[in-house]
Amino acid sequence: VGETEFLQALWYFNLVRNFGGVPLKTQPSVGSDEFVKVSRNSVEEIYKHIIGLLKDASMKLPDTEYGSEIGRADKYAATGLLAKVYLHAASSMQLLQPKLTEEIRLGGINSFEWTDSDDEGNELTYAETIRHYYAKAAEYAKMTIDYYGGEQCLELGNLVGEFYPVESTRDVLFEAIFSQGLSPNQGSQFAFLFGPGGNVNYGGGWNIIA
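Calculation notes
- Residues numbered from 1 in each chain as written.
- Predicted model: local features only at pLDDT ≥ 70, side-chain atom pairs only at ≥ 80, totals over all residues.
- Heavy atoms only, no water.
- Axes fitted to C-alpha atoms, helices over the stretch in contact; angles between N-to-C directions.
- Helix = DSSP H or I, 4+ residues; strand = E, 2+ residues; numbered from the N terminus.
- Parallel < 35°, antiparallel > 145°, perpendicular 65-115°, else oblique.
- Left-handed = near helix turned anticlockwise from the far one by under 90°.
- Contact = heavy atoms within 4.5 Å.
- Phe/Tyr/Trp six-rings, centres within 6.5 Å; stacked < 30°, edge-to-face > 60°.
- Buried < 20%, exposed > 50% of the residue type's maximum accessible area, 1.4 Å probe, protein only.
- Core = buried A, V, L, I, M, F, W, Y, C linked by side-chain atoms within 4.5 Å.

(A) Seen up close, the packing of helix H2 (residues 43-60) against helix H3 (residues 75-96). For the pair H2 and H3, the least separation of the axes is 9 Å and the interaxial angle reads 155 degrees. Classed by the angle they form, the pair H2 and H3 counts as roughly antiparallel. At the point where H2 passes H3, the crossing takes the left-handed sense. Along its contact with H2, which presents Tyr47, Ile50, Ile51, Leu54, Lys55, Ala57 and Ser58, the element H3 presents Lys75, Ala78, Thr79, Leu81, Leu82, Val85, Tyr86, His88 and Ala89.

Right, dumping it as structure tokens:
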């Protein structure tokens, strides 16, 4: 459950940053008619849903990766992402919101102007909400950094050497793991649905995704 909450939060975070308010779906589909004329939820609803998912996921996920099954989300992948979500929301509320035109806001769907409550349930003003979100971003970032302690391998001036070919270090909170050199047929054809077909020499993308 913690893994699915983390993944749903990650995908909604990508969606809301790219498209603003998107339809929020929390129940399984029972028919294709559910996707006809679906209304968009507000950015506020999406962010609060993401934060709720990640808070719950951080309580359910284990502290470390699942033995040999590297690449799966753990507790500190959730807290790290939660810090990023809080930081992005606070910065958008403070810096982006004043620049949004009415056309972009879409009647409030894409607006970053909302309030929240603190950890004790006290209602906050807009300015207090921004400060609270920044404080939560710092809290979850520190929680994530403190867990790893002095084991970070990243050093300034050697970022290329750390990111490639060095992979799957404790600095990488969450990543997609791919194997190579085992079999030319390993993997899935699903990725090809999203790439241009045809030979690469003629502007296509076949095997580029592979």
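(B) Seen up close, the packing of aromatic side chains. If you walk through the whole model with that rule in mind, you get seven aromatic pairs. Judged by centre distance (6.0 Å) and plane angle (35 degrees), the rings of Tyr47 and Trp114 are tilted. Taken as a pair, Tyr47 in helix H2 and Trp114 in the loop between helix H4 (102-105) and helix H5 (126-148) lie far apart in primary sequence, 67 residues in all. Of the two residues, Tyr47 and Trp114, neither departs from the other in class, the shared state being buried. Geometrically, the ring pair formed by Tyr76 and Tyr147 is stacked, given 4.0 Å between the ring centres and 10 degrees between the ring planes. Here Tyr76, found in helix H3, pairs with Tyr147, found in helix H5; they are 71 residues apart in sequence, far enough to count as distant.

(C) Molecular detail of the nonpolar core. Ranked by size, the top nonpolar core spans 34 residues in total, and within it Phe6, Tyr47, Ile50, Leu54 and Val85 carry the most contacts. Every element with two or more residues in this core is listed here: helix H1 (2-19), H2, H3 and H5. Broken down by element, the residue count for this core peaks at ten residues, all from H3.

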